[in-house]
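# Commentary on secondary and tertiary structure
Each chain is listed here by its residues.
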Amino acid sequence: KRVEGDMDVGVEEFEEKLPRLRELILGCDFVGFDMEFTGLHSAFPPGGQPSLFDYPAEWYQKARRSVQQFTVCQLGLSIFSSENSSKYMAHSYNFFLFPATFGQMDSEFSFQAFSIKFLTHYGFDFNKFLKDGIPYMNEAQEKKLQKGLLSGNWVVHSVIDKDKVKKVIDEVTCWMSFAEEGESMVLHDIYGFQMFEIQLVLRQALQDIWTVPLGSQEVMVKKISPRERWLLENTFYDSCRREQILISARGFTNLFHTLVKAKKPLVGHNMLMDLLHLHDKFYNPLPEDYEEFKKNIHTLFPILIDTKNVAKAIWKEFQFPQASNLLEVYEVLCSDMNPTNATCPEVFHASDCLRYATKKSPHEAAYDAFLCGSVLLKTAHLLLCRISCDPARTSSSFSQYLDVLAAYVNQVNLIRARVQKINFSGMDDCTNRPPLLIAKVRGWPSVTTQQIYQELRIHCRFDVQQLGKNQFLLFSNKFKEYVIRLLIVAFNCFCPAIKAFQ
């Protein structure tokens, strides 16, 4: 029986679901995705957080350090397939992830208190993340694992696994002293990668035994002759063949490879940090060069659509009420305020993914991925109806939606930087940026940028950069002409030491 819990995928369920997930991705129209992290932007080193003064390459260097420090704890996919021109089916899944720890492989990552508190508020299951997370690795880590497997000298580093292996070796050695050739015994309570590690260590230590997994938590040990051992080591069906170990150790990376192979449109909302983590965790460590990162992502995912960019443009044109997050954007587009909502294709949830049919789950990765895909369809339909001057239009193919979204393809929103978006299929446009203010300080010797920031933050959030002695640049991404005038009056009234001008 299929239940809502099937939407939450940990290591125990992943291998069984992988063939069907691959089939869904290869046959779909597009994929919505979202991630949750153990932290966002590191506070260290001081001054390392993104600033409105940063050009994309500078922003990238700061974000790169944070991505290397934090990890992905949940990745959500919502796989959209058109049943016909007016109906889409969404298969939505939450994948709990945890870095692979196998043999000499280990990882370090940080937790940011604010991020953990945020996830806890929205009901994130940290037990499933820590105890049942699906392993993953990038290509550099896989090469190290392959080298260890080829060496033939397998070493267990985990203290927990070492204790388990020692207990198993004692048990098998004791049994071997009186066992006859052809006899077997069964080891119980073997979990996760212990299934491989115990077999590799036993085979390495004892030349006259063979091991075979029985189900997911047991291993059979059989006493055999040297010739039979040689034959079994060279059989294609050996459960400890290098290829089989690599498939298990790759974990979620196997599905990442399917996403890359499928080349389907990848849809997110404010998706730049997600793309950084995709590259770093599943492909290769982030390169130092910003342009190389862009090139790699475009090769992996040739069609990216950031619904934040699409929504910002539509909101201005159609004068929708302000929406501060993805769920609010979705709710506006699902309401009567959207003139084409009634004719937009319907989205149905697959039979094993029904949770979101009746429950809102903001900041659950699969739910946000589902919202991304739904917002894409609604905004594309709205734009297509506007172009055709037919708000009652009901029949449209997904290729028509992609055509009408062409101006937004590969344009990914950039938060707190000198430009508003990154172009993954060309040069970034660094000419369109908000205006600057120059603040000149009098009667306040040796004033610092931090002091200026603290003085002004009660009126508006500015990023501050020193221009010269007692002169500072002020930058805000919420400038309007009337705001500038009001702020100048406010500065003169409340901060008499500061005089500002454009």
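Residues numbered from 1 in each chain as written. Predicted model: local features only at pLDDT ≥ 70, side-chain atom pairs only at ≥ 80, totals over all residues. Heavy atoms only, no water.

### Quick word on the sheet that holds strand β7 (residues 218–223)
Pairing within the open sheet is antiparallel, and its three strands lie in the order β5-β7-β6. Either end of the sheet is taken by a strand with one partner, and the two such strands are β5 (184–187) and β6 (209–214). Strand after strand, the sheet turns through a mean of 25 degrees between neighbouring axes, direction not considered. Of the pairings in the sheet, the one linking β5 to β7 comprises four bridges and is antiparallel in character. For methionine 185, the partnering residue across the bridge sits in β7 and is valine 221. Contacts between helix α7 (residues 194–205) and the sheet are confined to β5, β6 and β7, with β6 contributing the most and set at about 170 degrees to the helix. (Pairing = 2+ DSSP bridges. Helix = DSSP H or I, 4+ residues; strand = E, 2+ residues; numbered from the N terminus. Axes fitted to C-alpha atoms, helices over the stretch in contact; angles between N-to-C directions. Contact = heavy atoms within 4.5 Å.)

### Topic: the nonpolar core
Side chains that are nonpolar tend, in soluble globular proteins, to be buried together. Ranked by internal contacts, the top residues of the largest apolar core, which has 92 residues, are Phe95, Phe252 and Leu278. Counting residues per element, this core draws most heavily on helix α16 (residues 365–388), which supplies 12 residues. Those residues in contact with phenylalanine 95 that lie beyond four places of it in its chain are Val9, Phe14, Leu21, Cys73, Gln74, Leu75, Leu77, Ile134, Phe252 and Leu255. In terms of nonpolar packing, the next biggest core, distinct from the first, is built from 17 residues, Val168, Met185, Leu187 and Val201 among them. (Core = buried A, V, L, I, M, F, W, Y, C linked by side-chain atoms within 4.5 Å. Buried < 20%, exposed > 50% of the residue type's maximum accessible area, 1.4 Å probe, protein only.)

### Some words on the pairing of strand β3 (residues 72–84)
Most of β3 sits inside the fold, with 10 of its 13 residues counted as buried. Note that strand β2 (residues 30–37) and β3 share eight bridges and pair antiparallel. The residue of β3 that forms the bridge with phenylalanine 30 is phenylalanine 80. In the sheet, β3 pairs with strand β4 (residues 87–96) via 10 bridges, with the strands oriented antiparallel. The residue bridging asparagine 84 from the neighbouring strand is lysine 87, located in β4. Hairpin connection between β3 and β4: a loop of two residues separates the two successive antiparallel strands.

### What about the pattern of salt bridges?
One side chain can pair with another of opposite charge once the charged atoms of both are near each other. Applying the stated rule across the entire model yields 15 salt bridges. The partner of lysine 281 in a salt bridge is aspartate 280, with the nearest N and O atoms 3.2 Å apart. We note that lysine 281, like aspartate 280, is buried. One salt bridge connects glutamate 331 with lysine 360, and the closest N-O pair in it is separated by 2.7 Å. Residue glutamate 331 is located in helix α14 (residues 326–333), and its partner lysine 360 is located in the loop between α15 (355–358) and α16; the two are separated by 29 residues in the primary sequence. Salt bridges sharing partners connect three or more residues here, namely Asp8, Arg355 and Glu364. (Salt bridge = Lys/Arg side-chain N within 4 Å of Asp/Glu carboxyl O.)

### Things to note about the environment of leucine 26
Summarising the element assignment, leucine 26 is placed in helix α1 (residues 11–27). Overall, the relative accessible area of 39% leaves leucine 26 in the partly exposed class. Distance in space between the C-alpha atoms of leucine 26 and lysine 263 is 8.6 Å, their sequence separation being 237 residues. Among all residues touching leucine 26, those that are not within four sequence positions of it are Thr258, Lys261, Ala262 and Lys264.

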